[in-house]
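Residues per chain are reported as follows:
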Amino acid sequence: MLPTSRRLALSTASRATAAAAVAVHRPTSVAVLRQMTVRGLAYPPDMFTDAPGSAHDAIPRKVPGGMVLPRSRMGANQAVGPKVVSAEEAVAAIPSGSRIYVHGAACMPHVLLDALAARAAADPSLKDIEFTHLHLEATNPCMQYPDQFFTNNLFVGAGERKNVAHGRSSYVPVFLSDMGRLMRDNILRPDVALLNVSPPDQHGFVTLGLEVATALPAAETSRLLIAQINPHMPATRGSTFIPLSAFDYVVPTPHATLPSVPLGETSDIERQIGEHIAAMIPDGATLQMGIGAVPNAVLAALKDHKHLGVHTEMFSDGLIPLLKSGAVDNSQKRYQRGRVVTSFLVGSQELYDFVDDNPQVLLQEAAVTNDPVLIGMNPKVTAINSAVAVDLTGQVAADSVGTYQVSGVGGQIDFERGAAISRGGIPIIALPSTNLKDGSTKIVPHLLPGSGVVTTRYHVHNVVTEYGVARLFGHNYHERARRLIAIAHPDHRAELEREAFERYGLKAWRV
């Protein structure tokens, strides 16, 4: 395992060495891909050149989409092109001591990571490599070599929970809206970015596909850009475009796939929660929701609503029927009226086909989508977020069970606050009243020791279970306890009343 100092941060000397090595490995020629055709689109021969690339220019300039790139990484008409290589050749350019950003969510670049893992297995001298990324939809194969790799997760996915628990990885507590700032302010700036992009269009631009949230600032700030060109990656609209000439290495991956996460079954409990929430949402509301059974249950209950809008950090298949029926038309929004705004997408092939070249759906980085002030400009923002547990004062644990990290803060606070400042906004925390595994209560007297408070008692407004809605905003501890106990599971209410009596001197009030 890497030493403690390495797990905290790369040393200045190590980072400098990595940066110098990246500069040495900058490509100087292009020889392949000229005749490759993907999705029926031939790569224009003049998209690639054999002219030598130049080292990073210190003066950044903007390219379409608002992205800032060094002068040497400008448009496809510049005399600078990527080197088209195999995955093994591309990852050979990554020196020890590098911090690597990995394209997250549904964009995990499997081909590149598999090649890097194979290199690590064959070359023990490759070491002190740090990954940083959002959750990944699969396990990073490199993490089977903990003496060579370490991950600083920006959001902890299922594949990283055990690594974090055992010290093989860690978690950076940060709002999704601030992740780009970490890179641009040189706090967590990557040396290398491994991206999974769509094929280039006739103008020589690829897109970041299904995850722009953190991929855009990573592409802006990385010294070495490596992409696998995935024929199945949707060409999405928004701040997603990057000139192919901006990359150092590109790897054709004609057999690469995308993860399919279809809608799951909705239980009676989740359906009841969804119906309670849907009854709170007025026509003309702007929605934020995540992925999972409860958001899907809410969306399914909104089919008769009118003029809904969507401004969210992510969405999945459950939104498609509302867009097709016209229930979601985004006509009342103030920011990007007429368009769904999001920063990443996870779902089935139907979703990926729906967003491909679809001007209705705009992907932007999380610094934009998750800006509470920007969110609050929209009318009647209804933010729906989940929780692990809620205590009797309204504190919300959402990223950990005790000391066990299960996820991250993501955009929960960004949107809960954005909804709170929106005219007519409705911030909502939704959860079943009990844990499915053991039937224990999720409305608790006290959060488990070590649990992180994600949404504070000052931010929480409404808590919803299958038993109803507890409106907490503006109410004192006594009234909050009463309202939360009223939506707890009946089997646990007596014990919660006892705890409330011991803490506040409250007597039983149920008839």
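The preceding data block contains the structure.
Residues numbered from 1 in each chain as written. Predicted model: local features only at pLDDT ≥ 70, side-chain atom pairs only at ≥ 80, totals over all residues. Heavy atoms only, no water.

Student: Quick rundown of helix 8 (residues 268–280)? Include the residues and the values.
Tutor: Across its 13 residues, helix 8 extends 19 Å between first and last C-alpha, which sits within 8% of the 18 Å expected from 1.5 Å per residue. Where helix 8 is concerned, the buried positions are E270, I273, G274, I277, A278 and M280. Around the axis of helix 8, the buried residues are gathered within 150 degrees of arc, so they sit on the same side. Across from the buried face of helix 8, at angles greater than 90 degrees, the exposed residues are D268 and A279. Close packing links the buried residues of helix 8 with helix 9 (293–300), strand 22 (381–386), strand 27 (426–430), strand 30 (462–465) and strand 31 (468–471). (Helix = DSSP H or I, 4+ residues; strand = E, 2+ residues; numbered from the N terminus. Expected span 1.5 Å × (residues − 1). Buried < 20%, exposed > 50% of the residue type's maximum accessible area, 1.4 Å probe, protein only. Arc of directions from axis to C-beta. Contact = heavy atoms within 4.5 Å.)

Student: Let's hear about the sheet that holds strand 16 (residues 286–288): which residues, and what values?
Tutor: Strands pair in a sheet through their backbones, by hydrogen bonds, and they do so in one of two ways: parallel or antiparallel. Spatially, 17-16-22-27-30-31 is the arrangement adopted by the six strands of the open sheet, whose pairing is mixed. At either margin of the open sheet sits one strand with a lone partner, and together these are strand 17 (309–310) and strand 31. As defined by bridge partners, strand 22 adjoins strand 27 across five bridges and the pair is classed as parallel. When the sheet's bridge partners are listed, S386 is paired in strand 27 with A430. Helix 14 (residues 412–421) contacts strand 16, strand 22 and strand 27 of the sheet and is inclined by roughly 150 degrees relative to strand 22. (Pairing = 2+ DSSP bridges. Axes fitted to C-alpha atoms, helices over the stretch in contact; angles between N-to-C directions.)

Student: So what's going on with helix 4 (residues 110–122)? Residues and values would help.
Tutor: With 13 residues, helix 4 should cover 18 Å at 1.5 Å per step; its first-to-last C-alpha distance of 18 Å lies within 8% of that length. Regarding helix 4, the residues found buried are L112, L113, A115, L116, A117 and A120.

Student: Residues and numbers for the side chain of T455, please.
Tutor: Mapped onto the elements of the fold, T455 is located in strand 29 (residues 453–455). Engagement of the side chain of T455 in a polar contact is seen with the side chain of Q412, the distance being 2.6 Å. Leave out the neighbours within four places in its chain, and T455 touches G394, Q395, V396, Q412, I413, E416, I429 and V460. (Polar contact = N/O pair within 3.5 Å; in protein donor to acceptor, adjacent residues only side chain to side chain.)

Student: Describe the packing of helix 15 (residues 477–486) against helix 16 (residues 490–504), and please don't skip the residues or the numbers.
Tutor: Remark: helix 15 packs on helix 16, axes separated minimally by 10 Å, with the N-to-C direction vectors making an angle of 170 degrees. Relative to helix 16, helix 15 is oriented roughly antiparallel. Where helix 15 abuts helix 16, its residues Y477, H478, A481, I485 and A486 lie against R493, L496, E497, A500 and Y504. Here the contact of helix 15 with helix 16 is composed, by residue class, of seven nonpolar, one polar and two charged. (Parallel < 35°, antiparallel > 145°, perpendicular 65-115°, else oblique. Nonpolar A, V, L, I, M, F, W, Y, C, P; charged D, E, K, R; others polar.)

Student: Any details on unusual backbone geometry? Residues and values, ideally.
Tutor: With a phi angle near 55 degrees, A105 is a residue other than glycine that sits in the positive phi range. Take A105: it is sitting in the loop between strand 6 (99–102) and helix 4. In this structure A105 comes out as buried when scored by relative accessible area, which is 0%.

Student: I'd love a proper account of the pattern of salt bridges, names of residues and values included.
Tutor: Per the stated rule, a full pass over the model turns up 13 salt bridges. A salt bridge links D191 to R223; the nearest nitrogen and oxygen atoms lie 2.9 Å apart. Remark: R223 occurs in the loop between helix 7 (215–221) and strand 12 (224–229) and D191 occurs in the loop between helix 6 (179–184) and strand 10 (192–197); sequence separation between them is 32 residues. We classify R223 as partly exposed; its relative accessible area is 25%. Note that D268 and R271 form a salt bridge whose closest N and O atoms lie 2.8 Å from each other. You can see D268 and its partner R271 sitting in helix 8, three residues apart, about one turn around the helix. (Salt bridge = Lys/Arg side-chain N within 4 Å of Asp/Glu carboxyl O.)

Student: Describe the nonpolar core, naming the residues involved and giving the relevant values.
Tutor: Within the largest apolar cluster, 74 residues are counted, with the highest numbers of intra-cluster contacts made by L195, L210, F247, I277, L302 and F315. Excluding anything up to four places from it in sequence, L210 contacts A106, C107, M233, P234, L258, S343, F344, L345, Y352, V355 and L363. Among the nonpolar cores identified, the runner-up in size contains 28 residues, and A87, I94, L194 and L224 belong to it. (Core = buried A, V, L, I, M, F, W, Y, C linked by side-chain atoms within 4.5 Å.)

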